Amino acid sequence: MTEPKRGIVLGGGWAGMLAAHVLARHLESVTVVERDVLPDGPRHRKGSPQARHVHVLWSSGARIVDELLPGTIDRLLGAGARRVGFHEDLVTLTSHGWQHRFPPRQYAIMCTRPFLDWIVRDQILAAGRISVRSRAEILDLAGDGKRVAGVRVRDMDTGALETLEADLVVDASGRGSRLRHWLSSLELPPVEEDIVDAGIAYATRVFRAPPGATAGFPAVNVAADHRVREPGRFGVVYPQEDGTWMVTLSCTRGAGLPTHDDDFLPYAQTLRHPLVADLSHPRRAR
Ligand SMILES: Cc1cc2nc3c(=O)[nH]c(=O)nc-3n(C[C@H](O)[C@H](O)[C@H](O)COP(=O)(O)OP(=O)(O)OC[C@H]3O[C@@H](n4cnc5c(N)ncnc54)[C@H](O)[C@@H]3O)c2cc1C
């Protein structure tokens, strides 16, 4: 096999951008194919609906990102993200009571997901070695049972169909990936699939932090008690880059979740401790 020269990455989310960044060190050209227009700022987009809930970047991931893209963590922190040390900056109610707060070893970077994605994407694209084909819907793979030779896309503005040729295709199109289907249409044997359905659901609100609590205030985590044989309910209050607190309530299958604004606080009050509800009240930011 000859050395691959052209790479295509399917999906311009977090995994796709980092994969493209690494591939660009080895290939002559790398194109990211993405359905959305990737925003030039920390804004939500359709292809990343989970971004409205809390996301944290844990320390080992942060170290890897900083190795791949030196200076990223300083840039996130400089622009307002919080570095929350475990266990000195996190108040956690576990099944066995409040967790002790210890000197730092591991930590998390807390900020909104659009902010994180944008800073990482901006660093990667600024180098100018990767092109993004946006508003392009991936339809299937080109090639045959021996070799994937590219990807077929539909331009979402004109409807035009096109085959983008590549020596190497990386699928980073996320949880909705149709890779199994695409491979079977190349007449390859079925791909075995393991499905782990955690059955976890989320509801999120963003609150203004009270004056004086924007810096240094701990992140809060009230976990479910796994010993109680009923669906779990848990909640977190995590500081974000813009001085707000993101409150995410979660449950395992069967516990239900608030779907209306008016039900959010009463639901928070049903957690094992009232701290999340007390902090969520009443300074709604958006
Ligand atoms: C509520 C919630 C909270 C989470 N919290 C955390 C957390 O705290 N920390 C953490 O590390 N992870 C967390 N995760 C997981 C994290 O969100 C995902 O693992 C991560 O987003 C996966 O990134 P990705 O780039 O693989 O996929 P995605 O972010 O899903 O990106 C896939 C991209 O592919 C594009 N795409 C898909 N299909 C097509 C197509 N046919 N044509 C063109 N483009 C297409 C989409 O538009 C999208 O941009 C959480 C997830 C949820 C749901």
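Residues take numbers from 1 onward in each chain, read along the sequence in its written order. With pLDDT at 70 or above as the cut-off, local features in this predicted model cover only qualifying residues; side-chain atom pairs require 80 or more to be listed or tallied, and sums for whole chains, interfaces and linings still use all residues. To obtain the side-chain values, all non-hydrogen atoms of the structure were used and water was disregarded.

Some details on the overall build of the protein chain
Labels follow the DSSP assignment, with helices taken as runs of H or I lasting at least four residues and strands as runs of E lasting at least two, numbered in each case from the N terminus. Secondary structure assignment for the protein chain yields seven helices and 16 strands. Each principal axis of the C-alpha distribution contributes one length, and for the protein chain these read about 60 × 40 × 35 Å. Under the scheme applied here, a residue whose accessible area is under 20% of the maximum for its type counts as buried, over 50% as exposed, and between as partly exposed, the area being computed with a 1.4 Å probe on protein chains only. Sorting the 286 residues of the protein chain into buried and exposed places 40% on the buried side. Taking the average place of the 36 positive charges on the side chains of the protein chain and the average place of its 34 negative ones, the gap between the two points comes to 3 Å. Positive charge is attributed to Lys and Arg, negative charge to Asp and Glu, and no charge count is given to His or to the chain ends. In this description, the location of a charge corresponds to atom NZ of lysine, CZ of arginine, CG of aspartate or CD of glutamate.

A word on the packing of aromatic side chains
The description of an aromatic ring pair uses the distance of the two centres, along with the angle that the planes make with each other. Only centres within 6.5 Å qualify two rings of Phe, Tyr or Trp (six-membered ring in Trp) as a pair; their planes then separate them into stacked at under 30 degrees, edge-to-face at over 60, and tilted for everything else. One pass over the structure, following the stated rule, counts two aromatic pairs. Ring centres 6.3 Å apart and planes at 40 degrees place the aromatic pair F207 and F264 in the tilted group. On the criterion of sequence distance, the pair formed by F207 in strand β13 (residues 201-208) and F264 in helix α6 (residues 261-268) is long-range, its members being 57 residues apart. In this structure F207 comes out as buried when scored by relative accessible area, which is 4%. Cation over ring: R75 sits above W118, and NZ or CZ is 5.8 Å from the ring centre. Our definition puts a charge over a ring when NZ of Lys or CZ of Arg is within 6 Å of the ring centre and also within 35 degrees of the ring normal. Geometry around Y107 places R83 over its ring, the cationic atom sitting 3.8 Å from the centre.

Structural notes on the packing of helix α1 (residues 14-23) against helix α4 (residues 113-126)
Lines fitted to the C-alpha atoms define the axes, with helices restricted to the stretch that makes contact. Angles between their N-to-C directions range from 0 to 180 degrees. The geometry of α1 relative to α4 is characterised by a closest axis approach of 10 Å and an angle of 20 degrees between their N-to-C directions. It follows that α1 is roughly parallel to α4 by the angle criterion. Crossing angle aside, the handedness with which α1 passes α4 is left-handed. Here W14, M17, L18 and H21 of α1 come into contact with α4, specifically with R113, L116, D117, V120, R121, I124 and L125. Each residue is assigned to one of three groups, with Ala, Val, Leu, Ile, Met, Phe, Trp, Tyr, Cys and Pro labelled nonpolar, Asp, Glu, Lys and Arg labelled charged, and all others, Gly among them, labelled polar. When its residues are assigned to classes, the contact of α1 with α4 shows seven nonpolar, one polar and three charged. Each angle gets one of four labels, with under 35 degrees taken as roughly parallel, over 145 as roughly antiparallel, 65 to 115 as roughly perpendicular, and the rest as oblique. Each crossing gets its hand from how the near helix is turned against the far one by less than a right angle, where anticlockwise is left-handed and clockwise is right-handed. A contact between two residues is defined here by any heavy atoms of the two lying within 4.5 Å.

Considerations on the domain arrangement of the protein chain
Boundaries of every domain are those given by an automatic assignment or by a domain database. Domain boundaries assigned for the protein chain yield domain 1 (6-55 + 117-185) and domain 2 (85-107 + 197-284). Computed from C-alpha atoms alone, the centre-to-centre distance between domain 1 and domain 2 is 34 Å.

Digging into unusual backbone geometry
Note: most residues except glycine have negative phi, and most peptide bonds are trans. Phi at R135 is positive, roughly 55 degrees, even though this residue is not glycine. A positive phi angle, near 65 degrees, is found at E187, a position not held by glycine. Summarising the element assignment, E187 is placed in the loop between α5 (179-185) and β13.

Overview of the nonpolar core
The biggest cluster of nonpolar side chains holds 21 residues, and the ones touching the most others in it are V220, V237, V247, L249 and V276. When contributions to this core are tallied by element, the ones reaching two or more residues are β5 (90-94), β13, β14 (219-222), β16 (244-251), α6 and α7 (275-279). At four residues, β16 tops the list of elements feeding residues into this core. For this analysis, a nonpolar core means a set of buried residues of the types Ala, Val, Leu, Ile, Met, Phe, Trp, Tyr and Cys, connected via side-chain atoms within 4.5 Å. With 17 residues, the next largest nonpolar core counts M17, A20, A24 and I124 among its residues.

A few points about the site of the ligand
When we say a residue is near a molecule or strand, we mean one of its heavy atoms is within 4 Å of it. Looking at the ligand, there are 22 residues lining it, with E34, Q50, H55, V56 and R113 nearest. In this structure, A15 approaches the ligand through a main-chain N or O atom, which is 2.9 Å from an oxygen atom. Polar contacts, as used here, are pairs of N or O atoms within 3.5 Å; protein pairs need one atom able to donate a hydrogen and one able to accept it. Residues neighboring in sequence count only if both atoms are side-chain atoms. Take I138: an N or O atom from its main chain is 3.0 Å from a nitrogen atom of the ligand. Taken by itself the ligand offers 1000 Å² of open surface, and the protein chains cover 74% of this. Those elements giving two or more residues to the shell around the ligand turn out to be α1 and β9 (136-143). Counting residues per element, the shell around the ligand draws most heavily on β9, which supplies three residues. Among the residues making up the shell around the ligand, the classes are represented as eight nonpolar, eight polar and six charged. All accessible areas in this document rest on Shrake-Rupley with a 1.4 Å probe, and a residue is counted as covered only by the protein chains that are shown.

Side note on α4
Between the first and last residue of a helix there are one fewer steps than residues, each counted as 1.5 Å, and that sum is the expected span. Its 14 residues give α4 an end-to-end C-alpha distance of 20 Å, which sits within 8% of 20 Å, the value for a rise of 1.5 Å per residue. The buried fraction of α4 amounts to ten of the 14 residues, a majority that puts the element mostly inside the structure. Every buried residue of α4 is accounted for by R113, P114, F115, L116, D117, W118, I119, V120, R121 and I124. Turning to α4, the residues buried within the fold contact α1, β3 (56-58), α2 (59-68), α3 (72-78) and β8 (130-133). Two residues or fewer past α4, G128 is found with a positive phi of approximately 75 degrees.

Some remarks on the pairing of β16
Burial of β16 is extensive: eight of the eight residues sit out of reach of the surface. Of the two faces of β16, the one holding T244, M246, T248 and S250 and the one holding W245, V247, L249 and C251 are both buried throughout. Pairs of strands are assigned from DSSP output, requiring at least two bridges between the strands. As judged from the eight bridges shared by β13 and β16, these two strands associate in the antiparallel manner. Looking across to β16, one finds that R208 is bridged to T244.

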